[in-house]
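# Residue-level structure breakdown
One letter stands for each residue in the lines below.
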Amino acid sequence: MKIFFEEFKTPFKTLPFGKWKIEDYLPAVKKAMRLAKERIEVLKNSSKKADFDHFLSPYLESTKELDLISRTFFNLHSAHTCNEMEKAAGELSPLLSAFSNDLFLDAKIFEQLKMTYDKREEGRKLTVEEKTILEDEYKTFVRNGALLSEEKKRALREVDEQLAKLQVQFGKNALKAKNQYVMPVTKDDLDGIPEDNLEIFRNVAKEKGLSGHAVTFDFSVYMPFMQGCKKRALREKVYTDYVQSATDGEFDNRSICKDMISLRKKRAGILGYPDHATFVLERRMAESSQEVMDFLDEFKAKALKKAQDEMKELSAFAKEMDSIDRLMPWDFYFYSEKYKKQLFDFDDDTLRPYFPLESVVQGVFETALRLYGIRFKENNEIPTYHQDVTAYEVWDDRTSKICGIFYADFFPRSSKRQGAWMCNYRKQSQEQIPHVAIVCNFTKPVKDRPSLLTHGEVLTLFHEFGHALHGLLSKCRYSALSGPQVYWDFVELPSQLMENWAFEKECLDIFAKHYKTKETIPRSLLKKIKESQSFFEGH
């Protein structure tokens, strides 16, 4: 436990993964809470004038150990969990929720904050960053009940405690339901799937202790199956199982969803908002439910006709190909992939050989070097939390200074939740370089074949790398505003910008090379990728 409270003796003060046990988290969190409360108690009773330097700046620093421990725990809870960690999450979440409420609902802390906020134009001139932090912190306190009566504060605490427990249980159920699903299939069932991809389904069966082939909900397994399996009834079975995951049995999340919706509405009401959406949108670029609905209506007017026309095209194609009278959801990926091949004379499997993961990673690094002047250098001395994770130093070529640490975690496993995301282990500030990670679920290597990505997976890597760059290139004094600490409906901008490079010839020429022949991707195929960029964009 004590390791969290000492300076890490690792390269660049990276987290010494493996030097603590899961059972260390709870006592470490409790100790960090005690330290934070002691520091805050001093601030509450200080005779110094309540201003940014004497109150808010030290207040933001008061929880630094707690922030580090809890951030580490919940990052790993998503990327590499286990039964012991799930149990710990059930204990830690309500504890952390209660701690947050202790701060936000403490009248004396808020009094100091309010004085700082009210007198922000007095004394020394605050920087734009300091003004933003002060305003954000004041609004956060108000939005979390600082102005409520004692009776409503008690009600808010009860709701938050219940929500914290339900959110943990929801995630636990979703992961368990995903991991328990396995459907044995025969080679005949996989007719239509390229021979090279059959090894994916053999590996799945082997991992699950089965012979032959099998399908799971890992997206790198599920998607090739839905795109390639010719047996419509089998596609229906797997699709239905997938969309109904965690909706019955031991891991049923339906009642939890209802309870969470009800509690969120109740919480919004306690805080004086008509509904949860209004509460959330107050701190978004959209600002209001009406703004969102207006945007959706405008989007619908422009996109619905396009989507309907696309479905008519696909339905006609499916009818001509297999006499399908009515296109169903489990048909979409299968026929859209076939239709795409007919229109553009290529599909995912045509592209895969040109996108070996290692080359794509080097390509995205080279793209970052050309765009931003930063260089990635693998460092095997930096501890990681799993053997699949690779750590890199990130250097600024212009200044020859280290500017961050980057962790890459690419392959699915039972301890990892679905999807792809970026997270911080250390947020950038004036005192520390950022330590960021991207976590994905890409197709695994099989036998003598490396991990070969679809173009969709290439887009995902570029997208998440855009988030990572947002964290790595941050230049803030305070970690509270660094990197992706922005409005949630803005946070996707850097990732979307980066994603667009994966359609550009200048970028693809860097890394898109056949894993066997080393030939660059043909110009004709690059043209088709570009042309297909708008394929089924209405969906």
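Residues numbered from 1 in each chain as written. Predicted model: local features only at pLDDT ≥ 70, side-chain atom pairs only at ≥ 80, totals over all residues. Heavy atoms only, no water.

### Here we look at the overall build of the protein
Quick reminder of the rule: Numbering of helices and strands runs from the N terminus, with a helix taken as a DSSP run of H or I at least four residues long and a strand as a DSSP run of E at least two residues long. In this treatment the radius of gyration is a C-alpha quantity, and the globule benchmark scales as 2.2 Å times the residue count to the 0.38 power. Buried residues are those whose accessible area, probed at 1.4 Å on protein chains only, stays under 20% of the maximum for their type, while exposed residues exceed 50% and partly exposed ones sit between those limits. Contacts are assigned to residue pairs with any non-hydrogen atoms lying within 4.5 Å of each other.
The helix and strand inventory of the protein stands at 20 helices and 7 strands. In terms of overall dimensions, the protein is globule-like: its C-alpha atoms have a radius of gyration of 26 Å, near the 24 Å expected for 539 residues. Dimensions of the protein, computed from C-alpha atoms along their principal axes, come out at roughly 80 × 55 × 50 Å. Scored against the burial criterion, the 539 residues of the protein give a buried share of 49%. Of all intrachain contacts in the protein linking residues separated by at least 6 positions in sequence, the fraction that spans at least 24 positions is 70%.

### Some remarks on a negative patch on the surface
What counts is decided by this rule: Two joining distances apply to patches: 9 Å for like charges and 5 Å for nonpolar side chains (Val, Leu, Ile, Met, Phe, Trp, Tyr), and every residue must have over 30% relative accessible area and no salt bridge. Exposure was quantified through the Shrake-Rupley algorithm and a 1.4 Å probe, taking into account, for residues, occlusion by the shown protein chains and nothing else. Within this document, salt bridges are pairs made up of a side-chain nitrogen of Lys or Arg and a carboxyl oxygen of Asp or Glu, the two lying within 4 Å of each other. Only four residue types enter the charge count: Lys and Arg as positive, Asp and Glu as negative, with His and the chain ends excluded. The atoms used to mark charge sites are NZ of Lys, CZ of Arg, CG of Asp and CD of Glu.
Where like charges cluster on the molecular surface, the negative patch consists of Glu287, Glu291, Asp294 and Asp297. Looking at the secondary structure, you find Glu287 in the loop between α12 (276-281) and α13 (289-322). Overall, Glu287 belongs to the exposed group, its relative accessible area being 58%.

### So, the sheet that holds strand β6 (residues 421-426)
What counts, and what does not: In short, DSSP must find at least two bridges between two strands for them to pair. Convention adopted: a line fitted to C-alpha atoms gives each axis, helices being fitted over their contacting stretch, and angles between N-to-C directions are expressed from 0 to 180 degrees.
Pairing within the open sheet is mixed, and its 5 strands lie in the order β3-β4-β5-β7-β6. Both outer strands of the open sheet, β3 (374-378) and β6, are each paired with one neighbouring strand and no more. Taken over all neighbouring pairs, the strand axes of this sheet differ in orientation by 25 degrees on average, direction set aside. Sheet topology places β6 next to strand β7 (residues 435-439); 5 bridges connect them, and they run antiparallel. Paired with Met422 across the strands is Ile438, a residue of β7. Packing against the sheet, helix α3 (residues 64-79) makes contact with β5 (401-409), β6 and β7, and its axis sits at approximately 150 degrees to β6.

### Focus: the layout of surface pockets
Once rolled over the atoms, a probe with the size of a water molecule shows which space is left empty. Quick note on the threshold: Lining residues are those with an atom within 4 Å of a point, where the points come from a 1 Å grid over the protein atoms alone and group into cavities, where a 1.4 Å probe fits but cannot get out, or pockets, open sets with protein on both sides within 12 Å along at least five of seven lines. Grid points are joined across faces, edges and corners, and a volume is the space filled by probe spheres set on the points. Think of it as three bins: nonpolar holds Ala, Val, Leu, Ile, Met, Phe, Trp, Tyr, Cys and Pro, charged holds Asp, Glu, Lys and Arg, and polar takes everything else, Gly as well.
If you add up the space inside the second largest pocket, you get close to 1,000 Å³. Lining of the second largest pocket is provided by 34 residues; of these, Met223, Gln227, Tyr333, Asp348 and Gly456 occupy positions nearest its centre. Elements with a contribution of two residues or more to the lining of the second largest pocket: α9 (219-228), α14 (332-344), α15 (348-351) and α17 (455-472). Within the lining of the second largest pocket, the residues separate by chemical class into 14 nonpolar, 14 polar and 6 charged.

### A word on the nonpolar core
This is how the line gets drawn: Side-chain atoms within 4.5 Å link the members of a nonpolar core, which is a set of buried Ala, Val, Leu, Ile, Met, Phe, Trp, Tyr and Cys residues.
Core analysis: the biggest nonpolar cluster contains 57 residues, and Tyr25, Tyr59, Tyr407 and Tyr425 have the highest contact counts within it. With sequence-adjacent residues up to four places away left out, Tyr425 is seen in contact with Leu15, Phe17, Leu68, Arg71, Thr72, Asn75, Leu76, Tyr385, Tyr407, His435 and Ala437. By size, the runner-up hydrophobic cluster in this structure holds 56 residues, among which are Val360, Ile374, Leu469 and Met498.

### Comments concerning the pattern of salt bridges
In total, this model carries 41 salt bridges according to the counting rule given. In this structure, the salt-bridge partner of Asp106 is Lys44, at a minimum N-O distance of 2.9 Å. Residue Asp106 is found in the loop between α4 (83-104) and α5 (107-118), and its partner Lys44 is found in helix α1 (residues 25-44); the two are separated by 62 residues along the sequence. Lys528 is paired through a salt bridge with Asp345; the nearest N and O atoms lie 3.4 Å apart. Within this pair, whereas Lys528 is found in helix α20 (residues 523-531), its partner Asp345 is found in the loop between α14 and α15, the two being separated by 183 residues in sequence.

### Examining α13
Just so we agree on the cut-off: Note that bend, as reported per residue, equals the angle between axes fitted to the 7 residues terminating at that residue and the 7 residues originating from it.
Along α13, the largest kink reaches about 40 degrees and is centred on Ala303. Every buried residue belonging to α13 is among Ala303, Ala307, Glu310, Leu314, Phe317 and Ala318, and all of these are buried. For α13, the secondary structure elements touched by its buried residues are α14.

### Some points on the packing of aromatic side chains
To be explicit about the condition: The aromatic pairing rule takes the rings of Phe, Tyr and Trp, using the six-membered ring of Trp, and pairs them if the centres are within 6.5 Å, calling planes under 30 degrees apart stacked, those over 60 edge-to-face and the rest tilted. Look at NZ for Lys and CZ for Arg. If either is within 6 Å of the ring centre and within 35 degrees of the ring normal, a charge sits over the ring.
According to the stated counting rule, one finds 46 aromatic pairs in the structure shown. On the basis of an interplanar angle of 85 degrees and a centroid distance of 6.1 Å, the ring pair of Phe17 and Tyr407 is categorised as edge-to-face. Taken as a pair, Phe17 in the segment before α1 and Tyr407 in strand β5 lie far apart in primary sequence, 390 residues in all. Residue Tyr407 is classed as buried on the basis of its relative accessible area of 1%. On the numbers, 5.8 Å between centres and 55 degrees between planes, the contact of Phe332 with Phe536 is tilted. With Phe332 in helix α14 and Phe536 in the segment after α20, this pair connects stretches of sequence that are 204 residues apart. A relative accessible area of 10% places Phe536 in the buried class. Feature note: the residues Phe4, Phe17, Trp20, Tyr25, Phe73, Phe74, Tyr385, Tyr407 and Tyr425 constitute an aromatic cluster, connected by ring pairs. Residue placement shows Arg143 over the ring face of Phe279; its charged tip is 4.0 Å from the ring centre. The aromatic ring of Phe334 is capped on one face by Arg235, whose charged end is 4.2 Å from the ring centroid.

### Observations concerning the packing of helix α8 (residues 195-207) against α9
Angle between the axes and distance between the axes are the two parameters that describe a pair of packed helices. Short version of the rule: Any angle from 65 to 115 degrees is called roughly perpendicular, while one under 35 is roughly parallel, one over 145 is roughly antiparallel, and all others are oblique. Note: crossing handedness is left-handed where the near helix turns anticlockwise from the far helix by less than a right angle, and right-handed where it turns clockwise.
The interhelical angle for the contact between α8 and α9, taken along N-to-C directions, is 135 degrees, at an axis separation of 10 Å. In this view, α8 runs oblique relative to α9, as classed from their interaxial angle. Read as a crossing pair, α8 and α9 show a hand that is left-handed. Where α8 approaches α9, its residues Ile200, Phe201 and Val204 are matched on the opposing element by Ser220, Val221, Pro224 and Phe225. Of the residues contributing to the contact of α8 with α9, the split by class is 6 nonpolar, 1 polar and no charged.

### Observations concerning unusual backbone geometry
Phi angles above zero are rare outside glycine, and Lys13 is one such case at about 55 degrees. Tracing the backbone shows Lys13 in the segment before α1. In this model, Lys518 sits at a positive phi of 65 degrees, which is unusual for a non-glycine residue. Summarising the element assignment, Lys518 is placed in the loop between α19 (505-511) and α20. Owing to a relative accessible area of 58%, Lys518 belongs among the exposed residues under this scheme.

### Some thoughts on α17
For the α-helix, the turn length of 3.6 residues means that residues three or four positions removed from each other point alike. The condition that has to hold: Expected helix span is taken as 1.5 Å per residue step, with the number of steps being one fewer than the number of residues.
With 18 residues, α17 ought to run about 26 Å at 1.5 Å a step, and its terminal C-alpha atoms sit 25 Å apart, in line with that. Of all 18 residues making up α17, 16 are buried, and the element is well covered by its neighbours.

### Here we look at a nonpolar patch on the surface
A cluster of nonpolar side chains, contributed by Met285, Tyr487, Phe490, Leu493 and Leu497, occupies part of the molecular surface with about 450 Å² of accessible area. Its place among the elements puts Phe490 in the loop between α17 and α18 (493-500). With relative accessibility at 32%, the residue Phe490 sits in the partly exposed group.

### Digging into the packing of α1 against helix α2 (residues 52-61)
Contact pair α1 / α2: the axes reach a minimum separation of 10 Å and the direction vectors enclose 175 degrees. With respect to α2, the axis of α1 lies roughly antiparallel. Here Arg39, Ile40 and Leu43 of α1 come into contact with α2, specifically with His54, Phe55, Pro58, Tyr59 and Glu61. For the contact of α1 with α2, the per-class residue count stands at 5 nonpolar, 1 polar and 2 charged.

None of the figures reported here should be taken as evidence of function without further support.
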